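Spelled out from the first residue to the last, the chains are:
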Amino acid sequence: MKLKKPALLMGTLALVLALSACGNNGENKGASNSTDTNKALTGSLLAVGSTALQPLVEQVGQKFMADSKYAGVQVQVQGGGSGTGLTQVSGGQADIGNSDVFAEEKLKDADADKAKELIDHQVAVVAMSIVSNKDTGVDTLTKQQMVDIFTGKVTNWNEVGGIDEKIVIVNRPSSSGTRSTFEKYALGTKVEDMAGAIQEESSGTVRKIVGETPGAIGYLAFSYLDDSITSIKYDGVEAKVENVITGEYPVWAYEHMYTKGEPNEVVKAFLDYMVSDEIQNGDVVELGYIPASQMQVTRDVDGNVTKK
Amino acid sequence: MKSNNGSPVLIKKHHLEDWIGRIYTTFCVSLLVIIIVSMMYFVASKGLTTFIKDGVNVGDFLFGTKWDPNGDNPVFGALPFIAGSFATSLLAALIASPLSICAALFMNEIVPSWGKRLLQPVIELLAGIPSVVYGFVGLSVIVPLFRDIFPGQGIGIAAGALVLSVMILPTITSIASDALSSLPKGLKESSYALGATRWQTIYSVILPTVMPSLLTGVVLGMARAFGEALAVQMVIGNAPHVPRSLFESASTLTSVITLNMGNTVMGSVQNNALWSMALALMVMTFIFVIVVRLLERRHRL
């Protein structure tokens, strides 16, 4: 007993100290590695934000650290959502803020100045397909039909050429980046939440519910499409990577990695690695994203599309 | 250390131990208090910003039925979420209380020999299952079942309450069981000695005596149901509307917070409104705690 007590005491104290040290680390991260940018790249970087982009950044981060050139660099990736990513990068807690949407769309009004300080690095494109349960008998919808469905004007599949079945909307939360992409580029208008509509955040759950619920309609990133659901053509254009690249299929968005001001050496090396051909044609495609470099069109924050 | 030669050592070893112990425990206690107070301060300051800085009317927030934070004219009515939280946790308590009180009676009064040995591990297991597992089972089993039996898509308050009721079973059962087993033996025995049957004993002696503890269990169970986020979010549908039936998509305070917190930018009105809901949740927890304290006081008398 005599020995145990002090040991316990020291243990707890050590834990408390370690915990408080952790807290400090997190806050100072941004500052500390912007100062030590010296010869053989060493340091650490923290990328926070979008869960849609997280798997890619994580996988590339692992590869980056495994590369002997960057052996001294520690890459940390965290989720938390696009809003969190933008908040933390503009607050300096994170080096990179991952976002599904342009920073200007999230940081509005009073925060508009913060958006101006951020530099956009578009690393990939995510395209979305409208999906429905397999029983609906519909494989193409026009833009107007979709607006009618998502605003509640059309409530039965037989009004859009399908079977007699009530339409069940599976939407995303109103703050979701996926939803704002869908509303902006597929519907062209913001829609209010319908009473009785289902809202889910995770794409896996959306797929499960759409696949199981008769008459369900939703939207999913291309990487989530499989046999359990029907992918619906948009104005007759099939949801395929080739159609996205040529700009024919409009429901897509950039995945952004934001830095506050010009990135330091470590962050820059990582971002360059991210857009290198090896990664863009390898990991990006493998994980179901579309390489930003392959796109034949570009789009700005206001949605204006221009041919490259 | 010499102790018996006239000049006593200034600090004796056991005194030192006492002091170290005292300082250490005081440190732990004050750390706890600081954590709780600072959390309260943080959530309250964030939550009140919505009303003070962003100019959202408290009444509109608490009783407004329209939640449209991203529209051209943002509206922040949290009633759908508050109503959803109350409906799910009340319904869950209604389903779970009779079950768990009967289970506790079975364990302690009816078959104390093997009942406790069998049920105790089961209840501990129930308490240990992670909430995401409950949610997933709910989504894969309860939702399709409800979809087939009742009109609607199966999701909604009914599915949420059923999942929650299983989650709060262990809480209510273990508190009820503790209360029953700590009952003075004399009470029961004198009732039997008067010729009362087991049912009469349970109904008119045991239950009235332990009622405050049973209610404490129910309230704590409700508090747990009120704060549960993940499992409910998976089966309730999350539409920001007051539902017209138990089988229509609805939301709770916790589900709307977890769905939107990560996607909104700190300091934006929508984010602050979410903090206000967190504040509402915390206030509710305090009310639950106060109710429990009142019940305990009644128990002591």
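Residues numbered from 1 in each chain as written. Chains lettered and ligands numbered in written order. Predicted model: local features only at pLDDT ≥ 70, side-chain atom pairs only at ≥ 80, totals over all residues. Heavy atoms only, no water.

Time to look at the overall build of chain A. Counting secondary structure elements, chain A contains twelve helices and 13 strands. For chain A, buried positions account for 48% of its 308 residues. Long-range pairs, those at least 24 residues apart, make up 73% of the contacts in chain A with a sequence separation of at least 6. For chain A, the exposed area adds up to about 13,600 Å²; of that, 53% sits on carbon and sulfur atoms. (Helix = DSSP H or I, 4+ residues; strand = E, 2+ residues; numbered from the N terminus. Buried < 20%, exposed > 50% of the residue type's maximum accessible area, 1.4 Å probe, protein only. Contact = heavy atoms within 4.5 Å. Areas by Shrake-Rupley, 256 points an atom, 1.4 Å probe, with all protein chains shown as cover.)

All names here are of chain A. Under the definition given, this model contains four cavities of 30 Å³ or more. Its boundaries defined by the atoms lining it, the largest cavity holds a volume of some 80 Å³. If you go around the largest cavity, you meet 13 residues; those closest to its centre are Asp 100, Phe 102, Glu 105, Tyr 185 and Ala 253. Among the secondary structure elements, those contributing two or more residues to the lining of the largest cavity are helix 7 (177-187) and strand 10 (252-260). Classifying every residue of the lining of the largest cavity gives six nonpolar, three polar and four charged. (1 Å grid on protein atoms, 1.4 Å probe; cavity = no way out; pocket = protein on both sides within 12 Å on 5 of 7 lines; lining within 4 Å. Points joined across faces, edges and corners; volume = space filled by probe spheres on them. Nonpolar A, V, L, I, M, F, W, Y, C, P; charged D, E, K, R; others polar.)

The next subject is the packing of helix 3 (residues 79-110) of chain B against helix 4 (residues 112-128) of chain B. Residues and elements named next belong to chain B. At a minimum axis separation of 7 Å, helix 3 and helix 4 run at an interaxial angle of 145 degrees. The segment helix 3 lies against helix 4, with Ala 103, Phe 106, Met 107, Asn 108, Glu 109 and Ile 110 engaging Pro 112, Trp 114, Gly 115, Lys 116, Leu 119, Gln 120 and Ile 123. Its residues placed into classes, the contact of helix 3 with helix 4 shows eight nonpolar, three polar and two charged. (Axes fitted to C-alpha atoms, helices over the stretch in contact; angles between N-to-C directions.)

Attention shifts here to the UniProt feature "domain: ABC transmembrane type-1" (unreviewed entry) in chain B. In the numbering adopted here, UniProt assigns the feature "domain: ABC transmembrane type-1" (unreviewed entry) to residues 82-296 of chain B. Summarising residues 82-296 of chain B: 80% helix, 0% strand, and an end-to-end C-alpha distance of 27 Å. (UniProt positions renumbered as here; feature names shortened; annotations may be inferred.)

The subject of this paragraph is unusual backbone geometry. Residue and element names in this part refer to chain A. Phi at Asp 235 is positive, roughly 55 degrees, even though this residue is not glycine. You can see Asp 235 is positioned in the loop between strand 9 (230-234) and helix 9 (241-245). What makes Asp 235 partly exposed here is its relative accessible area of 43%.

Residues and elements named next belong to chain A. Where helix 6 (residues 143-150) contacts helix 7, the axes come no closer than 10 Å and their chain directions differ by 140 degrees. The orientation of helix 6 with respect to helix 7, classified from their angle, is oblique. Residues Lys 143, Met 146, Val 147 and Phe 150 of helix 6 form the contact with helix 7, whose participating residues are Phe 182, Ala 186 and Leu 187. Taken together, the residues that form the contact of helix 6 with helix 7 break down as six nonpolar, no polar and one charged. (Parallel < 35°, antiparallel > 145°, perpendicular 65-115°, else oblique.)

Residues and elements named next belong to chain B. Under the UniProt annotation, "transmembrane region" (unreviewed entry) lies at residues 21-44, 81-106, 118-143, 155-180, 201-223 and 273-295. Helix makes up 100% of residues 21-44 and strand 0%. Its end C-alpha atoms lie 34 Å apart. Taken end to end, residues 273-295 is 100% helix and 0% strand, and its two terminal C-alpha atoms sit 33 Å from one another.

In this section: the packing of aromatic side chains. Residues and elements named next belong to chain A. Throughout the structure, instances matching the rule amount to 22 aromatic pairs over all chains. A ring pair is formed by Phe 64 and Tyr 70, whose centres lie 4.2 Å apart and whose planes are at 15 degrees; its orientation type is stacked. Both residues of the pair, Phe 64 and Tyr 70, count as buried. Pairing Phe 150 with Tyr 219 gives two aromatic rings, centres 6.2 Å apart and planes at 55 degrees, and the pair type is tilted. Here Tyr 219 lies in strand 8 (residues 216-221) and Phe 150 lies in helix 6, a separation of 69 residues in the sequence. (Phe/Tyr/Trp six-rings, centres within 6.5 Å; stacked < 30°, edge-to-face > 60°.)

So, about the nonpolar core. Core analysis: the largest hydrophobic core is formed by 64 residues, its most contacted members being B:Phe61, B:Trp67 and B:Met277. Per element, the largest residue contribution to this core is twelve residues, and it comes from helix 11 (residues 269-300) of chain B. If sequence neighbours within four positions are ignored, B:Phe61 has contacts with B:Phe51, B:Val56, B:Phe76, B:Gly77, B:Ala78, B:Leu79, B:Ala273, B:Ser276 and B:Met277. If you look at the next biggest cluster of nonpolar residues, it comprises 45 residues, including A:Ala103, A:Phe150, A:Val154 and A:Phe222. (Core = buried A, V, L, I, M, F, W, Y, C linked by side-chain atoms within 4.5 Å.)

Residues and elements named next belong to chain A. Domain boundaries assigned for chain A yield domain 1 (43-124 + 253-307) and domain 2 (127-246). For domain 1 versus domain 2, the distance between C-alpha centres works out to 27 Å. Of the residues lining the interface, 16 residues belong to domain 1; the matching set on domain 2 comes to 13 residues. For the pairing of domain 1 and domain 2, the buried interface totals around 1,200 Å² over both sides, and the portion due to carbon and sulfur atoms is 53%. Between Lys 184 and Glu 105 there is a salt bridge; the shortest N-O distance is 3.4 Å. (Domains from an automatic or database assignment. Buried area = accessible area lost by both parts, 1.4 Å probe. Salt bridge = Lys/Arg side-chain N within 4 Å of Asp/Glu carboxyl O.)

In this section: the interface of chain A and chain B. At the interface, 35 residues of chain A touch 35 residues of chain B. Linking chain A to chain B there are two salt bridges. The interface formed by chain A and chain B holds 14 residue pairs in polar contact (both at pLDDT 80 or more) in total. Those elements that provide at least two residues to the side of chain A that touches chain B are helix 1 (4-35), helix 3 (82-91), strand 7 (198-199) and helix 8 (203-212) of chain A. Taken together, the residues of the side of chain A that touches chain B break down into eleven nonpolar, 14 polar and ten charged. (Polar contact = N/O pair within 3.5 Å; in protein donor to acceptor, adjacent residues only side chain to side chain.)

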